[in-house]
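# Examination of the molecular architecture
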Amino acid sequence: MDAFYLNQIFIDPSRNQIFHGDECLLIEPKAMTLLCVFAQQPNKVLSQEVLFEAVWQNRIFSPSSLQRLITLLRKALKDDSKAAEFIHTHAKRGYSLEVQPAFVQHLKSDKANKLKKQTENTALKAPFYVLPKPLWIIALSLLLIASFSVFFLSNTNSNVRKLNKPVAVTHTSYNESMPTLSLNAQQLLFLRETESRYELVLKAPEKEGEYLLTTQNEAFLFAWLNNSTVALTKNEPSSGNHHLKLLTLADNQVMSERIIKVPSHITSFRTLQTGTENSLYMLATDTQLANPRSVLIVFEEKTTQFKILSVLPEDTYVQDFAFANNALYFTATKSHSIQQLIKYDLETANLKIIKSDLASIYHVAWDNHRNQLILSDTLKAGVHSISAHLLNKTNPHSEIKLDPFDFGSSSPLSQIQVTENSIFGTTFQQDIDISSNNATLTHVNSKYEDYQASVSLSGEHLAFVSHKHGRPMLFVKSNEGISTIFDNPHQHDFISRAIWSSQDNEFAFAVGGLVYLYDLALKKLTRIESDEHIIRIDYWQTNPNQLIATTKQLNTAAIIKLETKKVWPFTLQGTVLYKDEDQQIIWQNDTIENLAKLKTWQPEQGEIVHAFSVKGLILAHVRNANESNLFILKTNLEVQESTVLPTNVQFISSAFF
């Protein structure tokens, strides 16, 4: 997407950079993607669903993921959420960009034309010809893999209960989710998403065989009414009507079907939960209300009636809920940021908040055998419980504490269900695919966003940034496994890509304006203090031993002498790709330039997505409308080799030979 202005703020999507005058800020790729979505449809309210699809594209997400990106954008744009100038929140509807973007169409002109147009248009002082290129990595070929896991509860008297190692129940590459056990725990239902349809599959948890019950073209919800009857939602696209379909099962097959019409004012079913005596509890939207709101509904099979039990509080989004004998427990997000635990008493029809300071977003399930509520963290691995004794206190708000389980998996659970000796749920993972002949670095799995991948020169180590713990953190993967290098205790928004030394035993990165060095052999992290605000490391020069970095000040780079730890700023228009005693190669816009030899290189067509150097060679990733190419240049900027990249390659961040 072309660069653009929001008022006097210059936005460069290709570099993930935001300029306030001479001040340069970097934001993560997902945040920039979201800003570009807004810029393409200004002054229009975009729903959360539209934004989720545009940014995450059918991958797992949570509402807090979107809210986190909105917060990052407002911070980068210096926008006040209480008196927003740029991004407005529309309650229960979504978000909008209320400033008309001004796109800079002349960015790809030659340098003379750019300078001329800049002079003619003094109102927009575009820094396009001097913008440094960031060393970002978007996750390469993100893959969502879903596999069911069974966790066996051990009986222990310690405060921290232990779960055994997860065991996979399904073993396919399809997206499989929403595990739902029958009331007698003998059969398991789950949803399987293939290339063209959604399948409802039945199997016994401890057996290999499985049975296909029904398929639909669109995703649907389902739940057990009893041990032989399953209810699922069905929509009619032609009429817009909603139905419940009741399937009667025998010998692992559907013996009969019943269609129950849903009242026309009840729409947008979100969750089904099995109750007692052939009843279902569900969340939906009631369009008959003055302002359509989320409502709690019960369906009775005997009467085939739908009864609204409660209207949920305004500006509250329910994440999950669980049926527990005489109550329902909801986890919900209030005003996009406050996480709550809510109880609905079925006897008194009373809805009340019993904990308003949950630390995360949780899926919930009721453990009837131990009389407790189980909560599974959706953002990081973690399972907790709250006893019924605490939940039933008259005023439990300030007294409720979550007791942890010792969780045996690095991935979080979703759609959990508890039996006498097991917890069933879905684990989600996504991969960074590294094009490498080193098998140990082929994949990196985590639940959250992974980017900024940087392979060491030998290919034996991989540094990358991940949000797997809810904030940017830096990790290194090697033959020994994955190690946490920088856990970001101050929760800075951005960690720059790691730049490796030629000896392959150290790397440097920037965070919060400071430079850090990490020694792999000593496992030691060293911080370099500086008056200059460093936003990223561009190049590690061997002789002399120093770093070339980009500062927050426009057109200003810095030399960091590693022997003395001194930092020297200097003026530079572009990003340093290579430097030795005789020459310096920089990259700006779609031009790579050898300053000493007065030579330049530009792709014949397309734009340079990223450029970097490896062992005295310059690598340039170029993308045009039809394909992506990788060019390998000598330092005299002659093309040594070029290759067409696979279509699924989004961004090349580093390489080794």
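Relevant structure appears above.
Cut-offs used in this document
Residues numbered from 1 in each chain as written. Predicted model: local features only at pLDDT ≥ 70, side-chain atom pairs only at ≥ 80, totals over all residues. Heavy atoms only, no water. Helix = DSSP H or I, 4+ residues; strand = E, 2+ residues; numbered from the N terminus. Buried < 20%, exposed > 50% of the residue type's maximum accessible area, 1.4 Å probe, protein only. Contact = heavy atoms within 4.5 Å. Areas by Shrake-Rupley, 256 points an atom, 1.4 Å probe, with all protein chains shown as cover. Salt bridge = Lys/Arg side-chain N within 4 Å of Asp/Glu carboxyl O. Core = buried A, V, L, I, M, F, W, Y, C linked by side-chain atoms within 4.5 Å. Pairing = 2+ DSSP bridges.

Let us look at the overall build of the chain. Scanning the chain from N- to C-terminus turns up five helices and 53 strands. Evaluated residue by residue, the chain yields a buried proportion of 55% over its 657 residues. The contacts of the chain with a sequence gap of at least 6 include a subset with a gap of at least 24, amounting to 44%. Roughly 29,500 Å² of accessible area belongs to the chain as shown, and the carbon and sulfur atoms make up 46% of that amount.

Before going further, it helps to spend a moment on the pattern of salt bridges. Under the criterion given, the structure shown has twelve salt bridges. Note that R192 and E210 form a salt bridge whose closest N and O atoms lie 2.8 Å from each other. Taken together, the residues span a long stretch of sequence, with R192 in strand β12 (residues 188-193) and E210 in strand β14 (residues 210-216) at a distance of 18 residues. For E210, a relative accessible area of 35% corresponds to the partly exposed category. When the shortest N-O distance is used, the salt bridge between R536 and D538 registers 2.7 Å. Across this residue pair, the class does not change: R536 and D538 are buried. Several salt bridges converge on common partners, so that one network encompasses E23, K78 and K552.

So, on to the nonpolar core. Counting 32 residues, the largest nonpolar core has L189, L200, F222, M282 and F306 as the members making the most contacts within it. Residue assignment for this core shows that the elements contributing at least two residues are β12, β13 (198-203), β15 (222-226), β16 (229-235), β17 (242-250), β19 (266-274), β20 (279-286) and β21 (293-300). Contact partners of F222, with chain neighbours within four places excluded, come to M178, T180, L189, F190, L191, L200, V230, A231, L232 and L272. Counting residues in each nonpolar core, the second largest holds 31 residues, with I27, F38, L46 and I70 among its members.

Looking now at the environment of M32. Assignment of secondary structure puts M32 in helix α1 (residues 29-40). Beyond its immediate stretch of four places on either side in the chain, M32 contacts I11, D12, P13, N16, Q17, I18 and I27.

Following N543, the chain continues into P544 via a peptide bond in cis, with omega recorded as 0°. Among the secondary structure elements, P544 is positioned in the loop between β42 (534-541) and β43 (546-551). For K615, which is not glycine, the phi dihedral falls at a positive 50°. Position of K615 relative to the elements: it lies in the loop between β50 (607-614) and β51 (617-623).

It is worth spelling out the pairing of strand β35 (residues 462-466) at this point. In terms of burial, β35 is a largely internal element, five of the five residues being buried. Of the two faces of β35, the one holding L462, F464 and S466 and the one holding A463 and V465 are both buried throughout. Pairing of β35 with strand β36 (residues 473-478), which is carried by five bridges, proceeds in the antiparallel orientation. By the bridge assignment, V465 is partnered in β36 with L474.

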